[in-house]
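# Observations on the three-dimensional arrangement
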Amino acid sequence: MRYRDNPLIEKRYNCEKWKKVRKLKRMESNGFCERCLERGIYNPGKIVHHLEPITDMNYMDDNLMYGLENLQFVCDRCHKEIHGNQDDYYFDEDGMLCQRK
């Protein structure tokens with residue numbers, strides 16, 4: 001089961017608080033992929049990734065969901081490396097995970 005299959009988790013990703021935290025994380029990284037920067041590569045980031053994944057068991061933990069220390073701004077390539085190939089999902093222009101229909 002993927003986190004987007006749970007409407008309660010989906011609701012937390014669609015709230016204003018998540019949008020503000022996501023924007024803050026992008027600004028904090030100056031728009032660059034944090035994983036690429038660790039290797040000395042200046043690549044634009046696109047996705048705010050949870051280091052500790054959000055699950056059915058922990059999605060109500062605000063520190064995990066919204067805490068900047070659990071977030072990393074990454075590019076598409078790095079995010080695919082982290083999660084593997086998930087062809088049934090993609091990221092829109094705002095970096096939101098969407099399911100292919």
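For the structure given in this document, a descriptive report is provided here. In this text, all values refer to a predicted model and were calculated from it rather than measured experimentally. (Residues numbered from 1 in each chain as written. Predicted model: local features only at pLDDT ≥ 70, side-chain atom pairs only at ≥ 80, totals over all residues. Heavy atoms only, no water.)

Here Asn58 is to be found in the loop between strand E1 (47–50) and helix H4 (62–66). The exposure class of Asn58 is buried, given its relative accessible area of 13%. Separated by 49 residues in the primary sequence, Asn58 and Ile9 have C-alpha atoms spaced 9.7 Å apart. Apart from the residues within four sequence positions on either side, Asn58 is in contact with Glu52, Pro53 and Leu64. (Helix = DSSP H or I, 4+ residues; strand = E, 2+ residues; numbered from the N terminus. Buried < 20%, exposed > 50% of the residue type's maximum accessible area, 1.4 Å probe, protein only. Contact = heavy atoms within 4.5 Å.)

Our next topic: the nonpolar core. In terms of nonpolar packing, the biggest core is built from 13 residues, with Tyr13, Trp18 and Ile54 touching the most fellow members. Within the residue set of this core, elements represented by two or more residues are helix H1 (7–13), helix H2 (16–28), H4 and strand E2 (71–74). Core analysis: the next-biggest nonpolar cluster, separate from the first, contains six residues, Cys33, Cys36, Ile47 and Val74 among them. (Core = buried A, V, L, I, M, F, W, Y, C linked by side-chain atoms within 4.5 Å.)

Limitation: the analysis is restricted to geometry and does not speak to function.
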